Amino acid sequence: MPSVGSLVRRPEVGSLIGMIAVLIFFSIFGGANFLSAGGAASWLNVASELGIIALPIGLLMIAGYLDLSVGSMIPASSMTVAIISGHYDLPIIVGILASLGLGLAVGFINGVLVIRTKVPSFVVTLATLFALAGLTLGLSVILSGSTSVALKSGSTAKLLFGDYLGGKFEVTLFWWIAAILIVGFILNFSRFGNWILAMGGDAVSARNAGIPTDRVTIALFMSSGLCASFVGMSQAILYNSAQVAAGQSFIFNSIIAVVIGGVLLTGGYGSVVGIVLGTLTFSIVNQGIFYTGFDANWASLIIGVLLLAAVLMNNTFRTMALTYAPRTKSRVRS
């Protein structure tokens, strides 16, 4: 049987308590509509899109980095697939591959810049955020003459990336589950996951120990760009159009979800289960407010309070884990 100390030592304990608390709260005040299939779909759909981005963001934060460029990567990838396969009417597979390739390229650039310049990733990706937003706007007007482009993706692409199950649940839920399994395996059962945790603990010591920190850094940024571009591409297929003004909310929403999930901003600590729980908690609060009788304008206040409470709770459980000393049973000889 696991001891109390081993349980509170887990990074996701605080986020689990938080998720249960908000779920009970909105189940009481949101009524039957919140608990219905439609109500569950409203926050699960948000969680699936946010979760696909939050997972690589969480890995980056565990390694001691941040990626703000996802806010521009989403509309950039949406416009890429829409312009190629919508405006120019090329096969949808060409647009999808170009969209995902753009995400990998931007992630590679972010990783190389962070390594070569030694500038904090916050600054590098903030610059990429604005640069990519400008490129997306400028090239969209030049290539398509508009900031909004329609897209007809075809039945196969629609089924795989932009359809609803039962008319309510987005197919991205399955992609999120697949991402959870893949990232969970990487972090918990692979050498690469050990490298990520070691880099977050002390990057210099990790490099001295022979860990290829540069390659790991680039790979993490490329995974972040790939997942953001996937969400942008799937949104374009789901809504049959793309716009340059989209995706900015994912910047801080993904970071908030990861922090609620128990990942340290300073790196070296976190879990995939915690990130998933944090994503669900954020999505429940974000959508649950609309099922209550409360003014929806208070949603941001609730999220802010939730974020602070989550950080304090996670710090409390972490302190308890570090100071906990299990009792040892002594045998008395007769």
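Residues numbered from 1 in each chain as written. Predicted model: local features only at pLDDT ≥ 70, side-chain atom pairs only at ≥ 80, totals over all residues. Heavy atoms only, no water.

It is not clear to me how the overall build of the protein should be interpreted in this structure. Could you clarify?
The number of helices and strands found in the protein is 14 helices and four strands. Taken over the C-alpha trace, the protein has a radius of gyration of 21 Å; the compact-globule value for 334 residues is 20 Å, and the two agree within 12%. Based on the C-alpha atoms only, the size of the protein along its principal axes is roughly 90 × 55 × 35 Å. By residue count, 50% of the 334 residues in the protein fall in the buried class. A fraction of 79% describes how many contacts in the protein between residues 6 or more apart in sequence connect residues 24 or more apart. Within the structure as shown, the protein displays about 16100 Å² of accessible surface, and the carbon and sulfur contribution to it stands at 69%. Looking at charge distribution, the protein has the averaged site of its 15 positive side-chain charges lying 19 Å from that of its 9 negative ones. (Helix = DSSP H or I, 4+ residues; strand = E, 2+ residues; numbered from the N terminus. Rg over C-alpha atoms; globule rule 2.2 N^0.38 Å. Buried < 20%, exposed > 50% of the residue type's maximum accessible area, 1.4 Å probe, protein only. Contact = heavy atoms within 4.5 Å. Areas by Shrake-Rupley, 256 points an atom, 1.4 Å probe, with all protein chains shown as cover. Lys, Arg positive; Asp, Glu negative; His and termini not counted. Charge placed at Lys NZ, Arg CZ, Asp CG, Glu CD.)

What's the story with the nonpolar core in this structure? I'm lost.
The biggest cluster of nonpolar side chains holds 83 residues, and the ones touching the most others in it are L55, M61, I96, W176 and M233. Ranked by residues supplied to this core, first place goes to helix 3 (residues 37-62) with 13 residues. Look past the residues within four positions of M61 in its chain and what remains in contact with it is L66, I255, V258, V259, V263, L264, L265, G267 and G268. (Core = buried A, V, L, I, M, F, W, Y, C linked by side-chain atoms within 4.5 Å.)

Quick question: what am I supposed to make of the packing of aromatic side chains here?
Between two aromatic rings, the relevant description is the distance of the centres plus the angle of the planes. The full count for this structure, using the stated rule, is 11 aromatic pairs. Note on F34 and W43: the rings are 6.5 Å apart at their centroids and 20 degrees apart in plane angle, and the pair reads as stacked. For the pair shown, F34 and W43 are each scored as buried. Centroid distance F161 to W175: 5.5 Å. Interplanar angle 15 degrees. Geometry classified as stacked. One end of the pair, F161, is in helix 7 (residues 155-161); the other, W175, is in helix 8 (residues 172-189), and 14 residues separate them in sequence. By relative accessible area, F161 is classed as buried at 12%. With relative accessibility at 33%, the residue W175 sits in the partly exposed group. Ring pairing ties together the aromatic residues F25, F26, F29, F34, W43 and Y291, which thus form one cluster. (Phe/Tyr/Trp six-rings, centres within 6.5 Å; stacked < 30°, edge-to-face > 60°.)

Please clarify how the packing of helix 2 (residues 13-35) against helix 3 should be interpreted in this entry.
One way to put it is that helix 2 packs onto helix 3 with a least axis distance of 6 Å and a crossing angle of 100 degrees. Of the possible angle classes, the one that applies to helix 2 and helix 3 is roughly perpendicular. Between helix 2, through N33, F34 and L35, and helix 3, the contact on the second element is made entirely by A37, G39, A40 and W43. (Axes fitted to C-alpha atoms, helices over the stretch in contact; angles between N-to-C directions. Parallel < 35°, antiparallel > 145°, perpendicular 65-115°, else oblique.)

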